[in-house]
Amino acid sequence: MEKWYLMTAVVLLGLTVRWTVSLNSYSGAGKPPMFGDYEAQRHWQEITFNLPIKQWYFNSSDNNLQYWGLDYPPLTAYHSLLCAYVAQFINPDWIALHSSRGYESQAHKLFMRATVLIADLLIYIPAVVLHCCCLKEISTKKKIANALCILLYPGLILIDYGHFQIMYNSVSLGLALWGVLGVSCDWDLLGSLAFCLAVNYKQMELYHSLPFFCFLLGKCFKKGLKGKGFVLFVKLAGTVVASFTLCWLPFFTERAQALQVLRRLFPVDRGLFEDKVANIWCSVSVFLKIKDILPHHVQIIVSFCLTLLSLLPACVKLTLQPSPKGFRFTLVSCALSFFLFSFQVHEKSILLVSLPVCLVLSEIPFMSTWFLLVSTFSMLPLLLKDDLLMPSVVTTMAFFIACATSFSIFEKTSEEELRLKSFSVSVRKHLPRFTFLPRIIQHLFIISVITMVLLTLMTVTLDPPQKLPDLFSVLDSWLINSVTSLRKSGRGDPRQREEAPFTR
Amino acid sequence: MRIKWVECAALSVMAALSVMTGGGSWFLALALGVTLLKCLLIPTYHSTDFEVHRNWLAITHSLPISQWYYEATSEWTLDYPPFFAWFEYALSHVAKYFDQEMLNVHNLNYSSSRTLLFQRFSVIFTDALFVYAVHECCKCVDGKKACKELTEKPKFILSVLLLWNFGLLIVDHIHFQYNGFLFGLMLLSIARLFQKRHMEGAFLFAVLLHFKHIYLYVAPAYGIYLLRSYCFTANKPDGSIRWNSFSFVRLISLGLTVFLVSALSLGPFLALNQLPQVFSRLFPFKRGLCHAYWAPNFWAVYNALDKVLSVIGLNDKWFGSAVPTHSPSLGDSLGHPHLHPDCHIGPRGFLRCLILCALSSFMFGWHVHEKAILLAILPMSLLSVGKAGDASIFLILSTTGHYSLFPLLFTAPELPIKILLMLLFTIYSISSLKTLFRKEKPLFNWMETFYLLGLGPLEVFCEFVFPFTSWKLKYPFIPLLLTSVYCAVGITYAWFKLYVSVFTDPPVGKTKKQ
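Bear in mind the structure is a predicted one, so any value in this text is a computation, not a measurement.

Helix and strand counts for chain B come out as 24 helices and zero strands. Every one of the 514 residues in chain B was classed for burial, and the buried ones make up 56%. By sequence separation, contacts in chain B at least 24 residues apart represent 75% of the contacts at least 6 residues apart.

Right, here's the structure in full:
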């Protein structure tokens, strides 16, 4: 592409920002006995290197599952094993069984940060660059600006390089992105293979699985169920089965193995939510203590039903009219449904919503930017725990400046551009004077930004009143909820999307 | 809690500015972007210069003026001119709200987190002057090549080359120095001369000299240009001097400006009879010809050759450290280029001579710091967006000059940062200038391309291969020597090409006629 040098500059800038953020503290630094996610990752390298595969997911004297037991699918374990081999080569003390617990040193920190950067460089960043290059009907300059904004998204940078949730979010999200690319560009088999790998890396990628399924099913229907469509369906099914088998092969030898892994991956024994997370359950529980009112199994059923109801319209539409654009919007919709209504949602799961939103950044810049800012803000309590105030604020401002100058977001707030035309048209049937929707939205944006800034200042400078120790986190969650719900209303309604039907 | 208020206040100011960029000003976006990057560099490694400046804060805050140039509790004594001392004094009044302890002269190597934050923020904020100066310089660049595309406009390229300059970023915001606002003063004075506001330009340069005397290297260029273009008020049609248009009034007003600034600066010390002491601090000729780390100049090549010959056995002993004491004047006399009258026609000619002065002084000067290469690189950026020939010289100079700064950052966590930023700046500068001048002949010949590409393997060898070889214990200085000598070749070549371009390019007056 022309102006390749600008794209290279953008990638280098993204890498520089990532590495400078990684110079800061990580989760659990210097905090025995449990430390944090950083220690979890180091521990997994220790376990996978020193113990045979059969013992990885089981509780034993060598592998105490209470101390950061493995609770991600096999591909994460294999990746940890690969890193462990490198660690062994550099300094065996880092992963020595038992004696390396709580190991912290400058050299080890550099090693761990370097593994994240390399994984990012090999998987996530090429996917982002390729996605931006394949965007249609946009100038080269806008493609590069798009890449800049996506690479500067603070949420992913702060979690992977600051907080160090080295579940390598960039790997799972990157693989999912390769999946989206493959499927959008008609490389269906490769795309589904990439997505299966993503699911096998991190089970939370199942949030994205329904749109993939519906889109590919829709494609099969379009090609005709009795001809090419059926062939495609069989091939896809074969790819999925083969990739799962390959990843789980060592665990299929005994039934108990597979079941134990599943038990570790889906801990339904835990409650409806943990900690303060910006979804419906947490927000409602301030007024109505759902956890105490409803019994456990009812909670699961209610959560399941609500999730399904909220994502059904979008998925149905996608199956009937598959198109790459619709696919991306459905990804946003479904991920958001899961985040808001699902079971045991963690704060970091907002990243699963943020990735699809990054993909639609060029189409609805204003709302996407707003959402991405709020999503970063939603993780603030987590980041403040790890002393990451400065990087958080700096990266957020950098992201905002990048989006504001690239897309001139404040100029693109007409009804047409916000995709809320049919909504406001239907409201105008009852209220003829309802023409000021764009202005409302703009004001809401400013109010939300001011509120975010104020909440940040308050959280940092003041101590919360004793009766309400989690006041600030809860207020954060409410704010985020309102914004995400607004966003969902703008996109969830199938009548509003007018993308061209899929054509071959 | 106090530290968080300050952080929040600083960040709120920037947040407000970032909202303003929503209006679409690319210059503000570039400036804010690099400022945010500087904030991210706060936790990086800093050199002893950090302690130097902390010590000066302490000296100027806690001691009376009469003690400033005599205080020697710490080895890092005050060796900058008085205006810089006053600058530190002003800073110290803000510093006391961060951490009172840093202002104690006896707290050697004190570096609490608040001290670090204050010092880093002070560099970032004083860079505002540099940003303003860059803005003024962009006005002086003509946009005759009407490009609709923003990224191909000379103004845009110049802004990026100056605001995101690699050398300035790592020397000021990692290694730790206050070059930002000083170069801002210099660029602003150059811009004023371009805008024909000669008195302001002269005033700004005089002030700059009393901040950091290293700028004396380029003083001859200013002197001769102001004499030629300001004191002689008219030219003959062919561009040469009209001798009878000399204006005494202007000469005297210039002299008065310089005198008043110097009086303001040195006056108090003259009254205290401390001038000899001040000068001995400012010009420490007892130090050797080469700095602890060899700047990639002529003396580095001389020393290297000498060492090689002595190792081989062709020299009786190594003379590198025993250069005779009259060498300062040798350095000076070689440093000043022959002052060709033609090279002072127009501000562009002045700029060319300024760069030559800076570069020659770098090549042959006494006790040159490797950071002094920035004195040549930054003004050269202004010329690089004007002509293809200048762009080529600039690229060779900046790439080798920036690479020669690598040994300043020798810690492992900073290794990716310096490599990534170097690649960013180099790739951008080469590609954007090539795009700007794509209609003219290629910027580099095969020899130059080969040389520049050779920097890659050199870096790989010095940083990744050499530490694991057996030579590391026996000859630990080899990476420094190789870097220094390799860069000296490039810088000498650029210096030579620039010299040639000054004498071979047609003067401005004659080209206009054609």
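It is worth spelling out the overall build of chain A at this point. Within chain A one finds 21 helices and zero strands. Counting every position in chain A, which comprises 504 residues, the buried fraction comes to 58%. Pairs at least 24 apart in sequence give 76% of the contacts found in chain A among residues at least 6 apart. Total accessible area on chain A is roughly 20,800 Å²; 67% of this is exposed by carbon and sulfur atoms.

Taken across its 10 residues, helix H15 (residues 350–359) of chain A has 10 buried, putting it largely inside the fold. Taken together, the buried positions of H15(A) are occupied by Ile350(A), Leu351(A), Leu352(A), Val353(A), Ser354(A), Leu355(A), Pro356(A), Val357(A), Cys358(A) and Leu359(A).

Turning our eyes to something else, we now look at the UniProt feature "transmembrane region" (unreviewed entry) in chain B. Taking the UniProt record as the reference, the feature "transmembrane region" (unreviewed entry) is found at residues 154–171, 201–227, 248–272, 349–366, 373–397, 417–437, 449–471 and 477–496 of chain B. This span, residues 449–471 of chain B, is 74% helix and 0% strand, and a straight line between its end C-alpha atoms measures 30 Å.

Residue and element names in this part refer to chain A. The feature "transmembrane region" (unreviewed entry), as given by UniProt, occupies residues 110–132, 144–164, 176–199, 229–251, 300–320, 350–373, 388–410 and 440–462 in the numbering adopted here. Span residues 176–199 is 88% helix and 0% strand, its end C-alpha atoms 8 Å apart. Along residues 300–320, the helical share is 100% and the strand share 0%, with 30 Å between the first and last C-alpha atoms.

All names here are of chain B. Between the first and last C-alpha of helix H9 (residues 179–194) there are 22 Å, a value that for 16 residues agrees with the 22 Å anticipated at 1.5 Å per step. For H9, the tally of buried residues reaches 16 of 16 residues, placing the bulk of the element in the interior. Immediately beyond the C-terminal end of H9, within one or two residues, lies Lys-196, with a positive phi of roughly 65°.

All right, on to the pattern of salt bridges then. Counted under the stated rule, the structure contains 19 salt bridges over all chains. Between Glu363(A) and Arg328(A) there is a salt bridge; the shortest N-O distance is 3.0 Å. Within this pair, whereas Glu363(A) is found in the loop between H15 and helix H16 (365–378), its partner Arg328(A) is found in helix H14 (residues 324–341), the two being separated by 35 residues in sequence. Judged by relative accessible area, Glu363(A) falls into the buried class, the value being 18%. A residue is classified by how much of its surface remains accessible, and Arg328(A), at 12% relative accessible area, is buried. Here Arg192(B) and Glu136(B) are joined by a salt bridge, their closest N and O atoms 2.9 Å apart. One end of the pair, Arg192(B), is in helix H9; the other, Glu136(B), is in helix H6 (residues 113–140), with 56 residues separating them in the sequence. Both residues of the pair, Arg192(B) and Glu136(B), belong to the buried class. If you follow the salt bridges from partner to partner, you end up with Glu136(B), Lys139(B), Arg192(B), Arg197(B) and Glu200(B) in one network.

Residue and element names in this part refer to chain A. Here Pro-250 lies in the loop between helix H9 (209–248) and helix H10 (255–265). The exposure class of Pro-250 is partly exposed, given its relative accessible area of 27%. Each C-alpha atom of the pair Pro-250 and Pro-74 lies 9.3 Å from the other, and the pair is 176 residues apart in sequence.

Low-confidence regions, as indicated by low pLDDT, have predicted coordinates that should not be scrutinised in detail. Residue and element names in this part refer to chain B. Confidence in the prediction of chain B, expressed as mean pLDDT, is 84, and 83% of residues score 70 or more. Ranking the elements of chain B by mean pLDDT puts helix H24 (residues 508–513) last, at 42, and H9 first, at 95. Of the regions scoring below 50 in pLDDT, residues 337–344 engages in 19 contacts with residues more than four places distant in sequence or in other chains. Low pLDDT, under 50, characterises residues 508–514; the stretch is placed with three contacts to residues that sit more than four places away or in other chains. Model confidence for the complex is summarised by a pTM of 0.89, with the ipTM given as 0.89.

Rules behind the numbers
- Residues numbered from 1 in each chain as written.
- Chains lettered and ligands numbered in written order.
- Predicted model: local features only at pLDDT ≥ 70, side-chain atom pairs only at ≥ 80, totals over all residues.
- Heavy atoms only, no water.
- Helix = DSSP H or I, 4+ residues; strand = E, 2+ residues; numbered from the N terminus.
- Buried < 20%, exposed > 50% of the residue type's maximum accessible area, 1.4 Å probe, protein only.
- Contact = heavy atoms within 4.5 Å.
- Areas by Shrake-Rupley, 256 points an atom, 1.4 Å probe, with all protein chains shown as cover.
- UniProt positions renumbered as here; feature names shortened; annotations may be inferred.
- Expected span 1.5 Å × (residues − 1).
- Salt bridge = Lys/Arg side-chain N within 4 Å of Asp/Glu carboxyl O.
- pLDDT = per-residue confidence, 0-100.

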